[in-house]
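# Geometric and topological summary
The chain contents come next:
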Amino acid sequence: GNAGLPQWKSESDTSARAPLAGRVLDEIGDPVANAVVRLIPSGTAVKTDVQGNYAFKSIRKLGEYAISVTAPGFVSIGTDDVKNPRLQLSPDSQARRTFVMERGVSFTVTVTDRTGRPIPKAFIDVFIQQDNQFSGPPVTMSDLKGQVHLTLAVSKMPYQVDAQRAKFVPSHTT
């Protein structure tokens, strides 16, 4: 039989029938490979190919979904971003969405106590205050090494970094 032979499929065939598909590009229109596109609340995630294409081949149930997109070296696109509205999807949808990601500055925040020991599970809030408005990525939690890896948009305004954990005095820095 044909059991050992490769089964060739055209990517365009697969994504043509996908309930949700699209591309992830940078600001100048170049594809972003290996970006993770995630559906919320299902948690289902797919990675983009070298051309920046992604496709969710199935949607289990009708509903409203939020989408987040992350890629190393780029500012994450969150579910609370006003330029990223929610989508109504069903198993029969043929929704298409292109995401444009902004290159950013990547860095690591390390939370320690006064003796230098890492503090895991600290809440890290990073934001800019501009015209009485606060903007920044969603609050994240430090890992077992007390670290959070972030990529932020380049800004002329300083970012404020707040770290909080029960039984510790809150800490702030810019």
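All of the points below concern the structure found in this document. Keep in mind the model is a prediction, meaning the values are calculated, not measured.

Our focus in this paragraph is the pairing of strand β1 (residues 20-26). Of all the 7 residues making up β1, 6 are buried; the element is thus mostly covered by neighbouring parts of the structure. Here β1 pairs with strand β4 (residues 53-56) via 4 bridges, running antiparallel. Paired with Ala21 across the bridge in β4 is Ala55. Direction of pairing for β1 relative to strand β7 (residues 95-101): parallel, over a ladder of 7 bridges. Bridge pairing in β7 links Arg23 to Thr98.

Applying the stated rule across the entire model yields 2 aromatic pairs. Taking 6.2 Å as the distance between ring centres and 75° as the angle between the ring planes, the aromatic pair formed by Tyr54 and Phe56 counts as edge-to-face. Grouping residues by exposure puts Tyr54 and Phe56 together as buried. Judged by centre distance (6.2 Å) and plane angle (45°), the ring pair of Tyr54 and Phe99 falls under tilted. Of this pair, Tyr54 sits in strand β4 while Phe99 sits in strand β7, and the two are 45 residues apart along the sequence. Here the two residues Tyr54 and Phe99 agree in accessibility, since each one is buried. Taken together through their ring pairs, the aromatic side chains of Tyr54, Phe56 and Phe99 make up a single cluster.

Moving on, we come to the sheet that holds strand β6 (residues 87-89). Strand pairing within a sheet occurs via backbone hydrogen bonds; the two strands may be parallel or antiparallel. One open sheet accounts for 4 strands, arranged β3-β2-β5-β6; its pairing is antiparallel. Edge positions in the open sheet fall to β3 (45-47) and β6, since each of these has one partner strand only. Geometrically, the sheet is characterised by an average inter-axis angle of 35° between neighbouring strands, direction not taken into account.

With that settled, the discussion passes to a nonpolar patch on the surface. Nonpolar side chains collect at one region of the surface, where Val105, Phe107 and Val154 lie side by side and expose about 260 Å² of accessible area between them. Assessed through its relative accessible area of 63%, Val154 is described here as exposed.

A word on the side chain of Ser68. Within the fold, Ser68 resides in strand β5 (residues 63-70). For Ser68, a relative accessible area of 16% translates into the label buried. Setting aside its immediate chain neighbours within four residues, Ser68 contacts Val36, Val37, Arg38, Ile40, Ile77 and Thr79.

With that out of the way, let us pick up unusual backbone geometry. Cis peptide bonds are those with omega within 30 degrees of zero, and the linkage from Ile40 to Pro41 qualifies with 15°. Structurally, Pro41 is set in the loop between β2 (36-40) and β3. Phi at Lys121 takes a positive value of approximately 60°, unusual for a residue other than glycine. Position of Lys121 relative to the elements: it lies in the loop between β8 (105-110) and β9 (123-130).

Further remarks concern the sheet that holds β1. Pairing within the open sheet is mixed, and its 3 strands lie in the order β4-β1-β7. Two strands lie at the open edges of the sheet, namely β4 and β7, each paired on one side alone. The sheet shows a mean angle of 20° between the axes of neighbouring strands, direction not considered.

Quick notes on the rules
- Residues numbered from 1 in each chain as written.
- Predicted model: local features only at pLDDT ≥ 70, side-chain atom pairs only at ≥ 80, totals over all residues.
- Heavy atoms only, no water.
- Buried < 20%, exposed > 50% of the residue type's maximum accessible area, 1.4 Å probe, protein only.
- Helix = DSSP H or I, 4+ residues; strand = E, 2+ residues; numbered from the N terminus.
- Pairing = 2+ DSSP bridges.
- Phe/Tyr/Trp six-rings, centres within 6.5 Å; stacked < 30°, edge-to-face > 60°.
- Axes fitted to C-alpha atoms, helices over the stretch in contact; angles between N-to-C directions.
- Patch = residues over 30% accessible without salt bridge, like charges linked within 9 Å, V, L, I, M, F, W, Y side chains within 5 Å.
- Areas by Shrake-Rupley, 256 points an atom, 1.4 Å probe, with all protein chains shown as cover.
- Salt bridge = Lys/Arg side-chain N within 4 Å of Asp/Glu carboxyl O.
- Contact = heavy atoms within 4.5 Å.

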